[in-house]
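Notes for the structure review
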Amino acid sequence: MTVEQNVLQPGGAAKHQQTFLNQLREITGINDIQVLQQALKDSNGNLELAVAFLTAKNAKVPQLEEATYYQTALPGNDRYISVGSQADTNVIDLTGDDKDDLQRAIALSLEESNRAFRETGITDEEQAISRVLEASIAENKASLKRTHPEVWSDSPNPYDRKRQDNCPVGLKNVGNTCWFSAVIQSLFNLLEFRRLVLNFNPPANAQDLPRNQKEHRNLPFMRELRYLFALLVGSKRKYVDPSRAVEILKDAFKSNDSQQQDVSEFTHKLLDWLEDAFQIKAEEERDGEKPKNPMVELFYGRFLAVGVLEGKKFENTEMFGQYPLQVNGFKDLHECLEAAMIEGEIESLHSENSAKSGQEHWFTELPPVLTFELSRFEFNQALGRPEKIHNKLEFPPILYLDRYMHKNREITRIKRDEIKRLKEYLTVLQQRLERYLSYGSGPKRFPLVDVLQYALEFASSKPVCTSPVDDLGASAPASGTLPPQIAPSTVEQQGPSSSDVPSTSPVQRSVIHKPFTQSRIPPDLPMHPAPRHITEEELSVLEGCLHRWRTEVENDTRDLQESISRIHRTIELMYSDKTMVQVPYRLHAVLVHEGQANAGHYWAYIYDHHQNRWMKYNDISVTKSTWEELERDSFGGYRNASAYCLMYINDKEQYLIQEEFNKETGQILVGMDTLPSDLRDYVKEDNKRFEKELEEWDAELAQKAQQEKLLSQIPRAPAPSPAPVQAGEPEYLEQPSRTDISKHLKEDSVQAINKALAEQEDRGPEAIMDTAIKLEYTRLLKLAQEDPPPECDYRLRHAIVYFIQNQAPKKIIERTLLEQFGDHNLSFDERCRNIMKVAQAKLEMIKPDEVNMEEYERWHQDYRHFRETTMFLMVGLEFFQKKSYMEALLYLIYAYQNNKELLSKGPYRGHDEELISHYRRECLLKLNEHAAALFESGDDQEVNNGLIIMNELIVPCLPLLLVDEMEEKDIVAVEDMRNRWCSYLGQEMEPNLQEKLTDFLPKLLDCSTEIKGFNDPPKLPSYSTHELCERYARIMLSLSRTPADGR
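Per an unreviewed UniProt entry, the protein is named Ubiquitin carboxyl-terminal hydrolase 25, and its organism is Cyanoderma ruficeps. For the record of the protein, the UniProt heading Function (unreviewed entry) holds the text "The muscle-specific isoform (USP25m) may have a role in the regulation of muscular differentiation and function." UniProt lists a comment for the protein under the heading Catalytic activity (unreviewed entry), and it reads "Thiol-dependent hydrolysis of ester, thioester, amide, peptide and isopeptide bonds formed by the C-terminal Gly of ubiquitin (a 76-residue protein attached to proteins as an intracellular targeting signal)."

See below:
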């Protein structure tokens, strides 16, 4: 077995091979690493010639089977390689026809790149990270100068920022740094990694450092990372600020470009920096032995590359960190892994004298923490920009990797051959089944069973003795006019015209069947076509054959389906025997991206191994989650969200997630007890500062309360009488109290009293009052039991209707009726005044233990809340119909939120939730379109106005639509709004517009469902019950005449 030498090693340049490949990818936009390596080989490592070759007008990409296959493992290479890494998204288009300009651009690009590397020792990959980090910090600093809506700043109330019990601590997004939060939280929740970082001690000779660029960068970063981890352990804050750690990263490089960071690239580089920092410490502590680096032992594994290159066999062992996997074309993680482990024609590996090329990868040593990088971005050569792959890709919570281990390669090869044979047989069976399920030779095909059944039904139908045209002759028009469906030539051939047919009356007319304008079939027309001539003997033979054939086809179809199911099951269980489930890896974290290739939002799902539940880490928000939510957001194919990185841990290595124990007492160490003394002091100081914030806030509130108390004791001058309100414009006041509402009930009360007097004129006031209350209750009960149209809501007419429908206690209803008849508005005549006094006396006689007054007040408060919600809805819909969407939105938002609170207490407490949800959603979509149109105008003022609409109205409302996962229409609407703005990413625009778009998109794509604070609710006009019912009926009637747009 020979080890193939590096095909790209001209004069010792193998050390920077990966850098050269990245440069080629960036300049040409070509993602195929085989093509890039071939170009470097053909140009003897000359990058300028390689680029010229790749961008030549007639350059052809060699096919897989024709091209020389490359070897990923190369002697002398750096210890870390990226197998099939992603294409860089910053692609320079140099494919123009001017060859001189092209050559100059290539030369300039390569000269700049090589000079930068020689001067600083910083690779292009590191410079790309620098651009992103600097953009993040710039965004954070710029945000201090800009006036953002309050929703994006820290709450002034420190209690809103206080950590609840032992809830995990979040990380503040300090400007396009959700990628940083997702990665750091995933690593922090690996307890072994956390311990390594927290217990890292700077080298003793740190005063003599930095000796080089790496040490200048890594050691300060490790210090800030320790502080950040310590705060995540013991902070009393709900979330902490990672700006200092990000600042260190930014200061490591210098660049002026800006973009959102690619997380897999950042994770790779972060681990490299940590590894370098631990390497410095390890080299200092080594005692004649080769130093061990804990980062390498934790995150790096080895695989064996076995292959054939141009007929020669090779075998080589390589180290790997993050393992890249292609997503496109695969349905689950195992399919991705199988494709990554087998490249080219593997049959040639087991045969002699074969010129074909191919290779297999076999894991020889798996790392305790195994990270898969899912390549969900590809470069679209036609459009000249990267695109995200939204395909669905499933992955399991437990992943068995036995089939990919070198020690199992013989049994795996046998199983792979068996699976291949089964899949070939499966394809044949599926093709056969398809012939049964899609029978026919034309464009339309049907199941063969159905075809035979239709033939049987036709044969069994009652025979008819006339043609379908002849049986219309008797009903042809007497005037000689032909039915429009029958051509004159046809009638002439068939016999005399219809004018020869005698009619019973010159006035009477035959009914004409018009098949295209009349849906009812005449009673004398047969329901289905039927054979005209068939004997009993023929029918018997035909029925027997069709029955038999149909049974045979059903049996054949069932046998094929059962065979296909058995084969699927056999393939699924192929690796389920005991020998192939010995290497279990448990899913620890899933890093998710939502958005498009150029912009988006990142968050992480991380498994809590001690509470056995999933947690969602979304910047400052840390919430409990479920596997079902993870599936929906991570598998892809449903929304623009999908996993781009999977972190698995060895399920047998319990030290990775094991808590720390006190060596003396044996008790578990938690919280601050797990921190070294220096970090414990650091966290205590930060907690003292936060406690001081809380104390200052409490003192401020106490001072305000004292001032209000003093002001309330000062006698006030009488308030001036309010100015008269113009007719037709309701005055904006506080909503009417229960007593104010009772004024509107005077007419109902008087009506009930008059009826009672008519029935019992000679009775006393008490008896008349009892009768009046019974009559009023009977009337209201009837209203409550009716099922009126939407525009007629009887609950608005009287609180009792609302109480009855919501099953209020009898005592509450009785007291409410007594208050109605005991109201001072009834004192206008003697008879009503007497009844009012009786009602008031009865109210005074009610003992406290008979009616729970707190419950009584709650019911009436709920009713006032219902009327208020009705007014929010009504005013919002009125504005919506006037196309005043900005004004309508806030009313509809409060209508929905209030209504949701009401409906949580009972189904009849509020209004139709779907109706309010629809118009709230439509309002947001209309405003989004309007804002997008303003942005497209390009005018500075209009662009700013459009972004104000988005930032102050739409973005704060998105969590309201996302918080309820069952509202699929709301989720789709949010996706539509985001896609509308993401569509601008690939378009050419002015630099200032591009800057504003880049600044705005992360806010729009933030998937946090944390409800932010809104402004005070809009004031409502004061309506009488009659006015409220009238306006509500008018707006609801107008909605019933308007198409609901999908509602």
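All right, on to the packing of helix H27 (residues 913-937) against helix H29 (residues 968-982) then. It is the contact of H27 with H29, at a shortest axis distance of 10 Å, that shows an interaxial angle of 0°. In terms of axis orientation, H27 runs roughly parallel to H29. On the side of H27, the interface is formed by Glu914, Ser917, Arg920, Arg921, Leu924, Leu925, Asn928, Glu929, Ala931, Ala932, Phe935 and Glu936, while H29 contributes Lys969, Asp970, Ala973, Met977, Arg980 and Trp981.

Listed as buried for helix H17 (residues 627-634) are Trp627, Glu629, Leu630, Asp633 and Ser634. End-on view of H17: buried residues confined to an arc of 160°, all on one side of the axis. For H17, the secondary structure elements touched by its buried residues are strand S12 (584-595), strand S13 (600-608), strand S14 (613-618), strand S15 (621-625) and strand S16 (641-650). Remark: Gly636 follows H17 within two positions and exhibits a positive phi of approximately 85°.

This brings us to a negative patch on the surface. Taken together, the side chains of Glu552, Asp556, Asp559 and Glu562 present a region of like negative charge at the surface. Assignment of secondary structure puts Asp556 in helix H16 (residues 536-572).

With 21 residues, helix H21 (residues 765-785) should reach 30 Å at 1.5 Å per residue; the first-to-last C-alpha distance of 30 Å fits that figure. Restricting attention to buried positions, one finds in H21 the residues Ala767, Ile768, Met769, Thr771, Ala772, Ile773, Glu776, Leu780, Leu783 and Ala784.

Enumeration according to the criterion identifies 38 salt bridges in this entry. Taking the shortest distance from any N to any O, the salt bridge between Arg223 and Glu224 comes out at 3.9 Å. Taking the relative accessible area as the measure of exposure, Arg223 reaches 39% and is therefore partly exposed. Connected through salt bridges with shared partners, the residues Arg161, Arg237, Asp686, Arg689 and Glu693 form a single ionic network.

Cut-offs and rules
Residues numbered from 1 in each chain as written. Predicted model: local features only at pLDDT ≥ 70, side-chain atom pairs only at ≥ 80, totals over all residues. Heavy atoms only, no water. UniProt positions renumbered as here; feature names shortened; annotations may be inferred. Axes fitted to C-alpha atoms, helices over the stretch in contact; angles between N-to-C directions. Helix = DSSP H or I, 4+ residues; strand = E, 2+ residues; numbered from the N terminus. Parallel < 35°, antiparallel > 145°, perpendicular 65-115°, else oblique. Contact = heavy atoms within 4.5 Å. Buried < 20%, exposed > 50% of the residue type's maximum accessible area, 1.4 Å probe, protein only. Arc of directions from axis to C-beta. Patch = residues over 30% accessible without salt bridge, like charges linked within 9 Å, V, L, I, M, F, W, Y side chains within 5 Å. Areas by Shrake-Rupley, 256 points an atom, 1.4 Å probe, with all protein chains shown as cover. Salt bridge = Lys/Arg side-chain N within 4 Å of Asp/Glu carboxyl O. Lys, Arg positive; Asp, Glu negative; His and termini not counted. Charge placed at Lys NZ, Arg CZ, Asp CG, Glu CD. Expected span 1.5 Å × (residues − 1).

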